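Fold and geometry: a report
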Amino acid sequence: MLVALFAAGVATFAQLYSLQGVLPLLASDLRVSAPRAALTVSAATLGLAAAVVPWSAVADRWGRVRAMSVSTVAATVLGLVVPLVPGLGPLLVVRFFEGAALAGLPAVAVAYLAEEVHRLHVPGAAGTYVAGTTIGGLLGRLVAGPVGEAVGWRWGVATVAFLAAAATAVFLTLVPPARRFAPAPRGTGPGLAANLLANLRRPDMLVLFWQGFALMGGFVAVYNYLGFRLEKAPFDLPQTAISLLFLAYLAGTVSSRASGRLVERLGRRTALVGSVAVELVGLALTLVPWLPVVLVGLVVFTAGFFGAHAVASGWTGQRAPQGRAQATSLYNLFYYAGSSVVGWLAGYAFASHGWGALGALVGGLAVSAAVLAALVLRPLPAAGQSSPRAR
């Protein structure tokens, strides 16, 4: 089960972000601006955001394994089509549907684990899945960039699609059938709309959703456009070197795991606000026009983001008044909507006024997330306690 979900995570997120590793090459080939090239990433994440809630409903009817299998196969087929599509317009359409197909895995995987794995082992199992998504995102960017520079961006993306197809085959071969899934009979319990509204009416839940939107939006904006900055003076880096920047993702793998220990010591709110503060320090360092400082800043920025995301996403299910699956889906919706909207719009700030303007936009969003978290996310009482720390 763990190997299967690891492979599915690799397949899904390698395809989702492979184009981010070749954006300068794509912009040059299609003769479009940096913001328009970045739409190829935003289109996929927008499709994922739009489809994650419907996929959760589909999985309740079809079953978890069937939904994940259809999702990964459909996404792989569309991923193999992407390199063949001529022109930016048709490419955006295919990428949107590829993202919508990919949404089935993040919408269902953790629920599947929670149902099939003993509760004591769920955190470790979920961590293995998340590790697969992290490695997939890193692999997609690292492979597409150097291959794209050597033989063109389309071949770079195609190479990632073939790797994703192999990972999908591993998933389909190894994933065990669900043994504990029981579809809810129609007419019993709150419906989908009631669960969604219950979460959208709570200020604290909206603040958690804003964490996903603001922080992920800024994170994707930095990674979308940093390559455009570094290929020009005074850096003048080739595409292969730029693609190596995505190794900073490994800092996120470490910080997301460390965030659990930080929560135990300081509480969720302090851990969340502290992680955003770390992210802001890293962002400030990327403003320095000296490559070693920019690289350190990117690592610090990435570590802070993943730490904050790990805390906020976990807290979403814990604070949900009802419909925890729907609360998680809403967090994912805002998370990928931020990736789509901010990841695109920040390009206009960068194109018009440079990296400083993009940094101001990303920093402003991060500050808003931290301030709202500090003011609104009060600790929840634990059973039998009146005023514990945030958990």
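Residues numbered from 1 in each chain as written. Predicted model: local features only at pLDDT ≥ 70, side-chain atom pairs only at ≥ 80, totals over all residues. Heavy atoms only, no water.

1. Focus on the confidence of the model for the chain
- Of all residues in the chain, 91% have pLDDT values of 70 or greater, and the mean over the chain is 87.
- For the chain, helix H6 (residues 104-116) is the element with the lowest average pLDDT, namely 79, and helix H16 (residues 355-376) is the one with the highest, namely 97.
- The model gives residues 383-391 a pLDDT under 50, and that stretch makes 20 contacts with residues more than four places away or in other chains. (pLDDT = per-residue confidence, 0-100. Helix = DSSP H or I, 4+ residues; strand = E, 2+ residues; numbered from the N terminus. Contact = heavy atoms within 4.5 Å.)

2. Remarks on helix H12 (residues 249-266)
- For H12, built from 18 residues, the straight-helix expectation of 26 Å at 1.5 Å per residue is met to within 8% by its first-to-last C-alpha distance of 25 Å.
- Largest kink in H12: about 30 degrees, centred on Ser 259.
- Among the residues of H12, those classed as buried are Tyr 249, Ala 251, Gly 252, Ser 255, Ser 259 and Val 263.
- One or two steps after H12, the chain reaches Gly 267, where phi turns positive at roughly 95 degrees. (Expected span 1.5 Å × (residues − 1). Bend = angle between axes of the 7 residues up to and from the residue. Buried < 20%, exposed > 50% of the residue type's maximum accessible area, 1.4 Å probe, protein only.)

3. Thoughts on a nonpolar patch on the surface
- There is a patch of nonpolar side chains on the surface, built from Phe 6, Ile 135, Leu 139, Leu 163, Leu 244, Leu 247 and Leu 250 and spanning about 540 Å² of accessible area.
- Structurally, Leu 250 is set in helix H12. (Patch = residues over 30% accessible without salt bridge, like charges linked within 9 Å, V, L, I, M, F, W, Y side chains within 5 Å. Areas by Shrake-Rupley, 256 points an atom, 1.4 Å probe, with all protein chains shown as cover. Salt bridge = Lys/Arg side-chain N within 4 Å of Asp/Glu carboxyl O.)

4. What about the packing of aromatic side chains?
- Counting across every chain of the model gives 19 aromatic pairs.
- An angle of 80 degrees between the planes, with centres 5.4 Å apart, marks the rings of Tyr 223 and Tyr 249 as edge-to-face. On the criterion of sequence distance, the pair formed by Tyr 223 in helix H10 (residues 203-230) and Tyr 249 in helix H12 is long-range, its members being 26 residues apart. Tyr 249 matches Tyr 223 in its accessibility class, with the two residues each being buried.
- Each ring, one from Tyr 225 and one from Phe 228, has its centre 6.2 Å from the other, and the planes form 35 degrees; the classification is tilted. Residue Tyr 225 and its partner Phe 228 are both found in helix H10; the two are separated by three residues, about one turn of the helix.
- Of the residues examined, Phe 228 reaches a relative accessible area of 6% and is grouped as buried.
- Geometry around Trp 62 places Arg 66 over its ring, the cationic atom sitting 4.5 Å from the centre. (Phe/Tyr/Trp six-rings, centres within 6.5 Å; stacked < 30°, edge-to-face > 60°. Lys NZ or Arg CZ within 6 Å of the ring centre and 35° of its normal.)

5. Some remarks on the side chain of Thr 72
- Among the structural elements, Thr 72 can be located in helix H4 (residues 64-81).
- In terms of polar contacts, Thr 72 uses its side chain to reach the backbone carbonyl oxygen of Ser 69, at 3.1 Å. (Polar contact = N/O pair within 3.5 Å; in protein donor to acceptor, adjacent residues only side chain to side chain.)

6. What about the nonpolar core?
- Counting residues in hydrophobic clusters, the biggest one holds 113 residues, and the most contacted among them are Phe 219, Tyr 225 and Tyr 336.
- With 17 residues, H10 is the single largest residue contributor to this core.
- Not counting residues within four places of it along the chain, the set of residues in contact with Phe 219 comprises Tyr 249, Phe 301, Thr 302, Phe 305 and Phe 306.
- Of all hydrophobic cores here, the second largest spans five residues; its members include Ala 7, Ala 11, Ala 164 and Ala 167. (Core = buried A, V, L, I, M, F, W, Y, C linked by side-chain atoms within 4.5 Å.)

7. What about helix H2 (residues 23-30)?
- Considered for burial, the residues of H2 that qualify are Leu 23, Pro 24, Leu 26, Ala 27 and Leu 30. Burial along H2 is one-sided: seen end-on, the buried residues are contained in an arc of 165 degrees.
- Those residues of H2 that are buried are in contact with helix H3 (34-62), helix H5 (88-102), helix H8 (153-174), H10 and helix H11 (239-243).
- Downstream of H2 by a residue or two, Arg 31 has a phi angle that is positive, lying close to 60 degrees. (Arc of directions from axis to C-beta.)

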